[in-house]
Amino acid sequence: MTDMLTRYAAIVGNEVIDHLYQLAEPLEGMNVVHVNSTREGGGVAEILHRLIPLKQELGIRAGWEVVSGDAQYFQCTKKMHNALQGDREEIPDDLLQHYETTNARNFERLQARLKDSDIVVIHDPQPVPLLNLCHDRKGKWIWRCHIDASRPHRPVWKYLQQFINGYDASIYSLPAFAQPMNHPMYIIPPSIDPLSDKNIELDEEETNAIYKDYHIDPERPVISQISRFDRFKDPVGVIQAYQMAKAFGPPLQLILAGGTATDDPEGEEVLAEVKMAAKGDPDIHILMLPPDAHRTINAIQRISDIVLQKSIKEGFGLTVTEAMWKGKPVIGGNAGGIRIQIVNHYTGFLVSTPEGAALRIRYLIKHTDRLKEMGATARAFVLENYLLTRHLREYLTLMVAVVRGVRERIELFNNH
Ligand code: UDP
């Protein structure tokens, strides 16, 4: 076992790691490339930064490519993102044309890699048309959808489907997100890496530095939400919940920490709305963090009494997993992937309104024994279900199945 995998074994047990070796054996030396549209910001980049090195550690030649584009391209892909999550976005033809041309330009740059790979994993809608451009491909292509596409705006979905249907398989985080396709579909929820800067244990000094650095009072309760400034994350709803909870008692402080993702053009606008809603309250701390502020986010989650993720739509919500892993109860929007993480009343609370969130905040601040108990259950739930090793096991199983063209079950022979 390599040093890196030994560190994972200390958390999840040797058996889990042995299983990974067994599954990776038939894939040894294979070329696998993941393609998405940003190296920084958002959950997909967060996962790829961790998943790819671990695949490499198991002998797979895994790599990561990023499609690039101008503001118009990202305007189009953001509209697609919003439409897949249910917004009635009409995307003009010239924007779609620009989307396809941008993909064609990216294909020119990436074609050698894409043609030669045994497995190509395309993440989300941004690079989807690359497949149609790759006429003499050698490998299998998989579309990985991270979005809550359970009720997409039909015209946009139909447009994308003409590309997606050509893939050999697709992956969704939840069964509800899968749309009918003419290829095998897999359910693989995302994960967090317990050894990353975002999630690793921190010493008290580093954790407590947050109080001084951001002028937070250590004596008063802290609630937080870490998210891109995106309307689907409902940051204004979080401020409303905080205001309602505070009006009835606890002297709360709120941290809203976010940053910008290079593929999200709406961030500035939403940030302005958030600042407006927070105006005049010195206990609301809006932090714009750089993309590599992983340890800072880790520490903010650790000093929080309660973490919120009040999303209205959510593919998965890695921030929920991150907070639960730190033993925090999460109050989350009753949406998408948050539902498979928050077991209502056990690992946190599911809410649909700012009023509901305010009620749960007050309850947990008052009942500290419940707060601790829920936090401990949350951590145990993540250990069992949402760590990187489980995620990788499912990816490897899928890859073996796709490469061998097996639909029902795969047989492995252990030569160790
Ligand atoms: N994140 C970050 N900086 C920020 C905001 C978010 O590093 O300013 C991270 C966050 O910790 C999480 C990921 O970005 O790991 C967001 O993933 P999630 O699935 O919660 O949401 P997405 O942005 O993909 O919709």
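That block above? That's the structure.
Residues numbered from 1 in each chain as written. Predicted model: local features only at pLDDT ≥ 70, side-chain atom pairs only at ≥ 80, totals over all residues. Heavy atoms only, no water.

With that settled, consider the packing of helix H5 (residues 93-116) against helix H7 (residues 154-164). Between H5 and H7, whose axes approach to 13 Å, the crossing angle comes to 25°. Taken together, the axis directions place H5 and H7 in an arrangement best described as roughly parallel. Between H5 and H7 lies a crossing whose hand is right-handed. Each of Leu96, Tyr99 and Glu100 in H5 lies in contact with H7, whose residues at this interface are Tyr159, Leu160 and Phe163. (Axes fitted to C-alpha atoms, helices over the stretch in contact; angles between N-to-C directions. Helix = DSSP H or I, 4+ residues; strand = E, 2+ residues; numbered from the N terminus. Parallel < 35°, antiparallel > 145°, perpendicular 65-115°, else oblique. Left-handed = near helix turned anticlockwise from the far one by under 90°. Contact = heavy atoms within 4.5 Å.)

On to the sheet that holds strand S12 (residues 348-351), then. Strand order across the open sheet formed by six strands is S9-S8-S7-S10-S11-S12, with parallel pairing between neighbours. Each of the sheet's edge strands pairs with one partner strand only, and the pair in question is strand S9 (284-288) and S12. Across the sheet, the mean angle separating the axes of adjacent strands is 20° when strand polarity is ignored. Sheet topology note: the strand S7 (residues 222-226)/strand S10 (residues 306-309) ladder contains two bridges and is parallel. (Pairing = 2+ DSSP bridges.)

Gly43, Arg228, Lys233, Gly259 and Glu322 are the nearest of the 16 residues found near the ligand. Take Gly43: an N or O atom from its main chain is 2.6 Å from an oxygen atom of the ligand. Between the ligand and the protein, one listed contact pairs an oxygen atom with a backbone N or O atom of Leu318 at 2.9 Å. Coverage of the ligand by the protein amounts to 90% of the 540 Å² it exposes when considered alone. Ranked by residues supplied to the shell around the ligand, first place goes to helix H12 (residues 318-325) with three residues. In the shell around the ligand, the residues fall into three nonpolar, seven polar and six charged. (Near = heavy atom within 4 Å. Polar contact = N/O pair within 3.5 Å; in protein donor to acceptor, adjacent residues only side chain to side chain. Areas by Shrake-Rupley, 256 points an atom, 1.4 Å probe, with all protein chains shown as cover. Nonpolar A, V, L, I, M, F, W, Y, C, P; charged D, E, K, R; others polar.)

Within the open sheet, the six strands sit side by side as S2-S1-S3-S4-S5-S6. Their pairing is parallel. Lying at the two open borders of the sheet, with one neighbouring strand each, are strand S2 (61-66) and strand S6 (185-187). With strand direction ignored, the average angle separating the axes of adjacent strands in the sheet is 20°. Two elements, strand S1 (residues 31-36) and strand S3 (residues 119-123), share four bridges in a ladder whose sense is parallel. Opposite Val33, over in S3, you have Val120 as the bridge partner.

The next thing to look at is the packing of helix H8 (residues 204-213) against helix H11 (residues 294-303). One way to put it is that H8 packs onto H11 with a least axis distance of 9 Å and a crossing angle of 85°. Accordingly, the angle class assigned to the pair H8 and H11 is roughly perpendicular. For the pair H8 and H11, contact is made by Glu206, Thr207, Ile210 and Tyr211 and by Arg295, Thr296, Ala299, Ile300, Arg302 and Ile303, respectively. Looking at the contact of H8 with H11 residue by residue, the classes come out as five nonpolar, two polar and three charged.

In this model helix H13 (residues 354-366) runs 18 Å from its N-terminal to its C-terminal C-alpha over 13 residues, within 8% of the 18 Å that 1.5 Å per residue would give. For H13, the full list of buried residues reads Pro354, Gly356, Ala357, Ala358, Ile361, Leu364 and Ile365. (Expected span 1.5 Å × (residues − 1). Buried < 20%, exposed > 50% of the residue type's maximum accessible area, 1.4 Å probe, protein only.)

Purely geometric stuff here, so don't read any function into it on its own.
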